[in-house]
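For reference, the chains in residue letters:
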Amino acid sequence: MSILLLGFLAGCAQTGHQIGYSVNVCCPGDYASYESYGLQTQDIPGFLSEYVVAELDAALQEKGLVRNDRLNDVVVTLSYRHVNLNPDQQDIDPFERRIEEDVMLRYVATLLIDIAESDSGNIVWSGQINRIHTVLPGEYMHEDNARPEFREAFHQVLSSYPALNQ
């Protein structure tokens, strides 16, 4: 567990922004043949879903890919997970509003991006963005502040993904 957390912390130190990133798998695919992508989400909190997906879409389209959720060359899966940094708080959901408790949570939130070939299912690129949060359970997230950070983090993490020659 400590090694995993150190990896997250190192990922957060990679940029001057509040969201860190790392690339997990790069680049065993035939990127020149990937023109379209489909997008799937897993476990993305509802309040994040709309604008996080929009920012990821924009970053992928800047790479020359066109979104087509029915017919595509690759499937992009965006999934969410978090790890509470205090072991005694593992069962506390940071998104659940708890009126009776006034406990401060500290956790690492991670968005994992896996890109797999549609035909074979082989992952050809994988990366993640992450951020350490210190919040009260159910605390409101300010979209206006978060959205540009997500935009920059997706651009940074996808910088190793080869752009289509246009």
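Just so it is clear, the model here is predicted, and its values are computed rather than measured.

## Section: unusual backbone geometry
Piece 1. The linkage connecting C26 with the following residue, C27, adopts the cis geometry, with an omega of 25°.
Piece 2. Positive phi, close to 60°, is recorded for D43, a residue that is not glycine.
Piece 3. Relative to the helices and strands, D43 is located in the loop between strand 2 (36-42) and helix 2 (46-62).
Piece 4. Overall, the relative accessible area of 63% leaves D43 in the exposed class.

## Focus: the nonpolar core
Piece 1. Within the largest apolar cluster, 38 residues are counted, with the highest numbers of intra-cluster contacts made by L56, L111, I113, I115, I129, F150 and F154.
Piece 2. For this core, the secondary structure elements donating two or more residues are strand 2, helix 2, strand 4 (74-84), strand 5 (105-117), strand 6 (123-135) and helix 3 (143-157).
Piece 3. Sorting elements by how many residues they give to this core places helix 2 first, with seven residues.
Piece 4. Not counting chain neighbours up to four residues away, the residues in contact with L111 comprise I44, V52, L78, S79, Y80, G127, Q128, I129, F150 and F154.

## Describing the sheet that holds strand 6
The pairing of strands in a sheet happens through backbone hydrogen bonds and is either parallel or antiparallel.
Piece 1. The six strands are arranged 1-6-5-4-2-3 in an open sheet whose pairing can be described as mixed. Either end of the sheet is taken by a strand with one partner, and the two such strands are strand 1 (20-26) and strand 3 (66-67).
Piece 2. Sheet strands in contact with helix 2 are strand 2, strand 3, strand 4 and strand 5, and its direction is about 155° off that of strand 2.

## Side note on the packing of aromatic side chains
Piece 1. Here the structure, examined in full by the defined rule, presents five aromatic pairs.
Piece 2. With centroids separated by 5.9 Å and ring planes inclined at 65°, the aromatic side chains of Y51 and F150 adopt a geometry described as edge-to-face. In this pair, Y51 is assigned in helix 2 and F150 in helix 3, connecting sequence segments 99 residues apart.
Piece 3. Residue Y51 is classed as buried on the basis of its relative accessible area of 3%.
Piece 4. Between W125 and Y161, the ring centres sit 6.3 Å apart and the planes meet at 80°, which makes this aromatic pair edge-to-face. Of this pair, W125 sits in strand 6 while Y161 is found in the segment after helix 3, placing the two residues 36 residues apart along the sequence.

## A short note on the side chain of E55
Piece 1. When you line up the elements, E55 lands in helix 2.
Piece 2. Within the local environment of E55, its side chain forms a polar contact with the side chain of R151, the two groups lying 3.0 Å apart.
Piece 3. The residues touching E55, leaving out its near neighbours within four places in the chain, are R147, R151 and F154.

The rules behind each value
Residues numbered from 1 in each chain as written. Predicted model: local features only at pLDDT ≥ 70, side-chain atom pairs only at ≥ 80, totals over all residues. Heavy atoms only, no water. Helix = DSSP H or I, 4+ residues; strand = E, 2+ residues; numbered from the N terminus. Buried < 20%, exposed > 50% of the residue type's maximum accessible area, 1.4 Å probe, protein only. Core = buried A, V, L, I, M, F, W, Y, C linked by side-chain atoms within 4.5 Å. Contact = heavy atoms within 4.5 Å. Pairing = 2+ DSSP bridges. Axes fitted to C-alpha atoms, helices over the stretch in contact; angles between N-to-C directions. Phe/Tyr/Trp six-rings, centres within 6.5 Å; stacked < 30°, edge-to-face > 60°. Polar contact = N/O pair within 3.5 Å; in protein donor to acceptor, adjacent residues only side chain to side chain.

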